[in-house]
Amino acid sequence: MAEAARIAELWVALAAGQREFGSHLCADANREKIYDAITRHIVIGGLLVARDPEIVGFVMFEPEADGYEQDVSRGTIQNVYVEPAYRNEGVGSALLDAAESALADAGACVVRLDAMADNEAARRLYERRGYRLHRVELEKRVENDNNDPTDR
């Protein structure tokens, strides 16, 4: 639990960086919520960190529990983050290996994750690891009085 605050800081960096690829997450505004999610994942065993010796990356994961009956049991990987200085050194792959293994041990037959469509580096990593498109999310802006033109 002592490391939860540091992991939350890394998540804020992750969320801030994802804005470049079109994410709508407000990094700083979600600091408390992600801290709560991180501590929950620590308790349930759904958070792994990479160290050298300080934390240089993390991944969060859990069995999918949406309540719908499906013909496979799925696990979800969320928030894969590796500090920029440690990218392309196998840290992300090691985190994914460990999360996939833990989900398989928990009974998952399929693992899912999300990536921003414009984040080509992340998508290449996931594709090299065997992830394939399964669903596609589409969005568009609608014009109304609540739209802030500076938010485009």
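Everything below is about the structure shown above.
Attention here is on the structure that accompanies the text. (Residues numbered from 1 in each chain as written. Predicted model: local features only at pLDDT ≥ 70, side-chain atom pairs only at ≥ 80, totals over all residues. Heavy atoms only, no water.)

### Things to note about the overall build of the protein chain
Helix and strand content of the protein chain: four helices and four strands. The secondary structure elements of the protein chain, listed N-terminal to C-terminal, are α-α-β-β-β-α-β-α. In terms of overall dimensions, the protein chain is globule-like: its C-alpha atoms have a radius of gyration of 16 Å, near the 15 Å expected for 152 residues. Each principal axis of the C-alpha distribution contributes one length, and for the protein chain these read about 50 × 40 × 30 Å. Long-range pairs, those at least 24 residues apart, make up 55% of the contacts in the protein chain between residues at least 6 apart in sequence. Of the roughly 10300 Å² that the protein chain leaves accessible, carbon and sulfur atoms contribute 49%. The averaged location of the 28 negative side-chain charges in the protein chain is 3 Å from the averaged location of its 18 positive side-chain charges. (Helix = DSSP H or I, 4+ residues; strand = E, 2+ residues; numbered from the N terminus. Rg over C-alpha atoms; globule rule 2.2 N^0.38 Å. Contact = heavy atoms within 4.5 Å. Areas by Shrake-Rupley, 256 points an atom, 1.4 Å probe, with all protein chains shown as cover. Lys, Arg positive; Asp, Glu negative; His and termini not counted. Charge placed at Lys NZ, Arg CZ, Asp CG, Glu CD.)

### Let's talk about the pattern of salt bridges
Counting across every chain of the model gives nine salt bridges. A salt bridge links arginine 6 to glutamate 83; its shortest N-O distance comes to 2.9 Å. One end of the pair, arginine 6, is in helix 1 (residues 4-18); the other, glutamate 83, is in the loop between strand 3 (74-82) and helix 3 (91-105), and 77 residues separate them in sequence. Taking the relative accessible area as the measure of exposure, arginine 6 reaches 38% and is therefore partly exposed. With its nearest N and O atoms 2.4 Å apart, the salt bridge here joins arginine 31 to aspartate 28. For aspartate 28, a relative accessible area of 52% gives the class exposed. Salt bridges sharing partners connect three or more residues here, namely Glu9, Asp28 and Arg31. (Salt bridge = Lys/Arg side-chain N within 4 Å of Asp/Glu carboxyl O. Buried < 20%, exposed > 50% of the residue type's maximum accessible area, 1.4 Å probe, protein only.)

### Brief notes about unusual backbone geometry
Glycine aside, negative phi is the norm for most residues, and most peptide bonds take the trans geometry. A cis amide bond, omega -25 degrees, links aspartate 52 with the succeeding residue proline 53. On the secondary structure map, proline 53 appears in the loop between strand 1 (47-51) and strand 2 (55-63). The phi dihedral of asparagine 79 falls on the positive side, at around 55 degrees, and the residue is not glycine. By secondary structure assignment, the location of asparagine 79 is in strand 3.

### Overview of the side chain of histidine 41
Tracing the sequence through the fold places histidine 41 in helix 2 (residues 31-44). Given the relative accessible area of 2%, histidine 41 is considered buried. In contact with histidine 41, not counting residues within four places along its chain, are Gly46, Leu47, Met60, Phe61, Glu62 and Gln78.

### Here's the deal with the packing of aromatic side chains
This structure, assessed with the given rule, holds two aromatic pairs. Ring geometry for phenylalanine 58 and tyrosine 81: centres 6.1 Å apart, planes at 40 degrees, overall tilted. One end of the pair, phenylalanine 58, is in strand 2; the other, tyrosine 81, is in strand 3, with 23 residues separating them in the sequence. With respect to class, phenylalanine 58 is no different from tyrosine 81; both count as buried. Summarising the aromatic geometry, the rings of tyrosine 126 and tyrosine 131 are spaced 6.0 Å apart at their centres and angled 65 degrees between planes, so their arrangement reads as edge-to-face. No difference in accessibility class separates tyrosine 126 from tyrosine 131, as the two residues are buried. (Phe/Tyr/Trp six-rings, centres within 6.5 Å; stacked < 30°, edge-to-face > 60°.)

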